[in-house]
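Geometric and topological summary
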Amino acid sequence: MSSNTETILVHEGQHFNSTAAVTAPIFQTSTYIADSDPAEYIKAATEPKHPYFYHRHGNPTNSQVAAIVAKLEKTEDALVFATGMAAISNAILAIVRSGDHIVAQLAHYSGTAIFFKEFLADYGITVTAVDQTDTAAFARAIQANTRLIYIETPSNPNLNITDLKAVGELARQQGILSMVDNTFASPINQTPRDFGIDVIVHSATKYLGGHSDLTAGIVCGSKDYIAKVWKRSVALGASLAPMDSWLLLRGLKTLSLRVKQINANALQLAEFLDQHPKIKSVSYPGLPNHPQHQLAARQMRGFSGMICIEVDGQEEEQTFKNAQSLINNLNIFINAASLGGVESLIVHPASMWGGHHTKAQKEISGITMGMLRISVGIENIADLIEDLEQALAKLG
């Protein structure tokens, strides 16, 4: 099989399609006819990810999706889940137990932050959060019972960059597993294994699926580690449904094309916003004025479609009103949660995070009332710039 990304996306894992169909069928079944050979049936019932026993154990399309993403992320194996949070939680629970400790970041996807703060605490697992821009902070936070360093780069929503090589080396030196949420970057823009990271997780709902029509998650790692994750997934039950699996497989075929277009659009949009008098600040790793631009350029091939901006205003209340006004006056950008689809989205993080983050927690994560998070799509860049320009012109 070719090592070129575009070919991998179309052809990897085709042996899991046992039919003559060019496009893999939807295996809309919960169970499979048992093999007449008892040994083969026992193998199907106990082998991790076996695609022809019972859906909670595996599915042929799930196996094909996993093969594609594992190849992209340069790992031995992968396992798909019903949601990104199912992937993240199962991946972590395969490593830690009561009494263990995790080193994480201050800024994370809100669902991950809740899992760390509330769920793990209930089971006697402690988490120390550090400033991801301070590499030495990770080393200082390690304890005798630390089992995992968990990072997210670029971070959600403020687009801080974590040094993958430094974290990978630290984890290996300490005999600790390292894990990264690679959702914002996607495997097209960033391959954490190149920098020594052990486990990669994704919300496949985002760039991997790419069409805002499914929810899914994926965990990538060594074959032995994925077998442990699979064992927990069978017990906890977070199987990716056949239809969503098929949609994800379809979306992956155009991942490279979509992400490259999104990268180009996002850079032009960030450059436009960076020069606009009504925008106080723009955070985009592809801009030379991003404080970690050089680090991003070393570990990323492209800078993704995520942009974080802060609308100008004299006081907090005014910046909030300006942010809401900007959203309400846009015609092409859609005010909706999620990211990574073909359409451009814009959200107000302080409102989305408001129900489960205190004011202090939002400040620590760098979330302000004037902040807006943009997920750039594949629309014509001139139309996107024009839409933002007309909405900004209406601000006081």
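Residues numbered from 1 in each chain as written. Predicted model: local features only at pLDDT ≥ 70, side-chain atom pairs only at ≥ 80, totals over all residues. Heavy atoms only, no water.

1. Topic: the side chain of D181
The test is simple: Only DSSP runs of H or I with at least four residues qualify as helices, and only runs of E with at least two residues qualify as strands; both kinds are numbered from the N terminus onward. Residue burial is assigned from relative accessible area. The probe radius is 1.4 Å, only protein chains are included, and a residue is buried under 20% of its type maximum, exposed over 50%, and partly exposed in between. Two residue types count as positive, namely Lys and Arg, and two as negative, namely Asp and Glu; His and chain ends fall outside the count. Basic side-chain nitrogens of Lys or Arg form a salt bridge, by our definition, when they fall within 4 Å of a carboxyl oxygen of Asp or Glu. Throughout this description, a polar contact denotes any pair of N or O atoms lying within 3.5 Å of each other; where both atoms belong to protein, one of them has to be capable of donating a hydrogen while the other can accept it, and for residues adjacent in sequence the pair is counted only when both atoms sit in side chains.
Mapping D181 onto the fold places it in strand β5 (residues 177-181). Buried and without a salt bridge, D181 has K206 as its closest oppositely charged side chain, separated by 8.0 Å. Within polar-contact distance, the side chain of D181 engages the side chain of T183 at 2.6 Å.

2. Focus on the UniProt feature "modified residue: N6-(pyridoxal phosphate)lysine" (unreviewed entry) in the protein chain
Heads up, the rule is: UniProt positions are given in the numbering used here, feature names are shortened, and annotations may be inferred rather than shown by experiment. Note on contacts: a residue pair is in contact if any heavy atoms of the two residues lie within 4.5 Å.
The feature "modified residue: N6-(pyridoxal phosphate)lysine" (unreviewed entry), as given by UniProt, occupies K206 in the numbering adopted here. Among the secondary structure elements, K206 is positioned in the loop between β6 (199-203) and β7 (217-221). Accessibility expressed as a relative area gives 14% for K206, which makes it buried. With near-sequence residues (within four places) excluded, K206 lies in contact with T183, S338, L339 and G340.

3. Considering the packing of helix α4 (residues 84-93) against helix α9 (residues 223-236)
For the record, the criterion: Here an angle of 0 to 180 degrees is reported between the N-to-C directions of two axes, which are lines fitted to C-alpha atoms, with helices fitted over the stretch in contact. By definition, turning the near helix anticlockwise from the far helix through less than a right angle yields a left-handed crossing, and turning it clockwise yields a right-handed one. Only Asp, Glu, Lys and Arg are considered charged in this grouping, and only Ala, Val, Leu, Ile, Met, Phe, Trp, Tyr, Cys and Pro are considered nonpolar; every other residue, Gly among them, is considered polar.
Here α4 crosses α9 at 115°, and the two axes come no closer than 9 Å. In terms of crossing hand, the pair formed by α4 and α9 is right-handed. Across from N90, A91 and L93 in α4, the residues of α9 making contact are Y225, V229, R232, S233 and L236. Across the contact of α4 with α9, the residue classes break down as 5 nonpolar, 2 polar and 1 charged.

4. Thoughts on the environment of Y41
Among the secondary structure elements, Y41 is positioned in helix α2 (residues 38-46). Leave out the neighbours within four places in its chain, and Y41 touches A34, D35 and F53.

5. What to know about the domain arrangement of the protein chain
Counted only if it meets this: For the purposes of this description, domain bounds are those given by an automatic or database domain assignment. Buried area is understood as the total, over both parts, of accessible area removed when two parts are fitted together, assessed with a 1.4 Å probe.
Taken domain by domain, the protein chain consists of domain 1 (5-251) and domain 2 (257-393). Each of domain 1 and domain 2 has a C-alpha centre, and these two points are 27 Å apart. Counting residues at the interface gives 39 residues for domain 1 and 40 residues for domain 2. Here domain 1 meets domain 2 over a buried area of about 3100 Å², counting both sides, of which 55% is carbon and sulfur. Two residues, K260 and E6, come together in a salt bridge whose shortest N-O distance is 2.9 Å. Linking domain 1 with domain 2 are 19 residue pairs in polar contact (both at pLDDT 80 or more), by the criterion used here. Those elements giving two or more residues to the side of domain 1 that touches domain 2 turn out to be α5 (110-122) and α8 (186-189). Residues that form the side of domain 1 that touches domain 2 fall into these classes: 16 nonpolar, 18 polar and 5 charged.

6. Re the packing of aromatic side chains
To keep it simple, the criterion reads: We call Phe, Tyr and Trp rings a pair once their centres come within 6.5 Å, taking the six-membered ring for Trp, and we label the pair stacked below 30 degrees between planes, edge-to-face above 60, and tilted otherwise. Counting as a charge over the ring demands two things of the Lys NZ or Arg CZ atom: a distance within 6 Å of the ring centre and an angle within 35 degrees of the ring normal.
Considering all chains together, one arrives at 7 aromatic pairs under this definition. A ring pair is formed by F115 and F116, whose centres lie 6.4 Å apart and whose planes are at 45°; its orientation type is tilted. What makes F115 buried here is its relative accessible area of 7%. By relative accessible area, F116 is classed as buried at 7%. Between Y284 and F303, the ring centres sit 6.5 Å apart and the planes meet at 70°, which makes this aromatic pair edge-to-face. One end of the pair, Y284, is in the loop between β8 (279-283) and α12 (293-299); the other, F303, is in the loop between α12 and β9 (306-311), with 19 residues separating them in the sequence. Across the pair, exposure class does not vary: Y284 and F303 are buried alike. Among the aromatic residues, ring-to-ring pairing joins F115, F116, F119, Y123 and Y150 into one connected group. A cation over an aromatic ring shows up here: K206 above the ring of Y109, its NZ or CZ 6.0 Å from the ring centre.

7. Some thoughts on empty space enclosed by the protein
Heads up, the condition is: Put plainly, a pocket is an open set of points on a 1 Å grid over the protein atoms alone with protein on both sides within 12 Å along at least five of seven lines, a cavity is a set where a 1.4 Å probe fits but cannot get out, and a lining residue has an atom within 4 Å of a point. Grid points are joined across faces, edges and corners, and a volume is the space filled by probe spheres set on the points.
For the structure on display, the rule yields 1 cavity of 30 Å³ or more. Reported here for the largest cavity is a volume of approximately 160 Å³. R56, H57, N62, L79 and V80 are, among the 16 residues lining the largest cavity, the residues nearest its centre. Within the residue set of the lining of the largest cavity, elements represented by two or more residues are α3 (60-72), β1 (77-81) and α9.

8. Comments concerning the sheet that holds β5
As a reminder, the rule being used: Here a strand pair is declared whenever DSSP counts at least two bridges between the two strands.
Spatial strand order, β1-β7-β6-β5-β4-β2-β3: 7 strands in an open sheet with mixed pairing. Looking along the sheet, the strands with just one partner apiece sit at the ends: β1 and β3 (126-130). Each strand of the sheet is rotated relative to its neighbour by a mean of 20°, with strand direction disregarded. In this structure, β5 lies alongside β6, joined through 3 bridges in parallel fashion. Bridging from a neighbouring strand, D181 pairs with V201 of β6. Sheet strands touched by α9: β1, β5, β6 and β7. Its angle to β1, the strand with the most contacts, is close to 20°.

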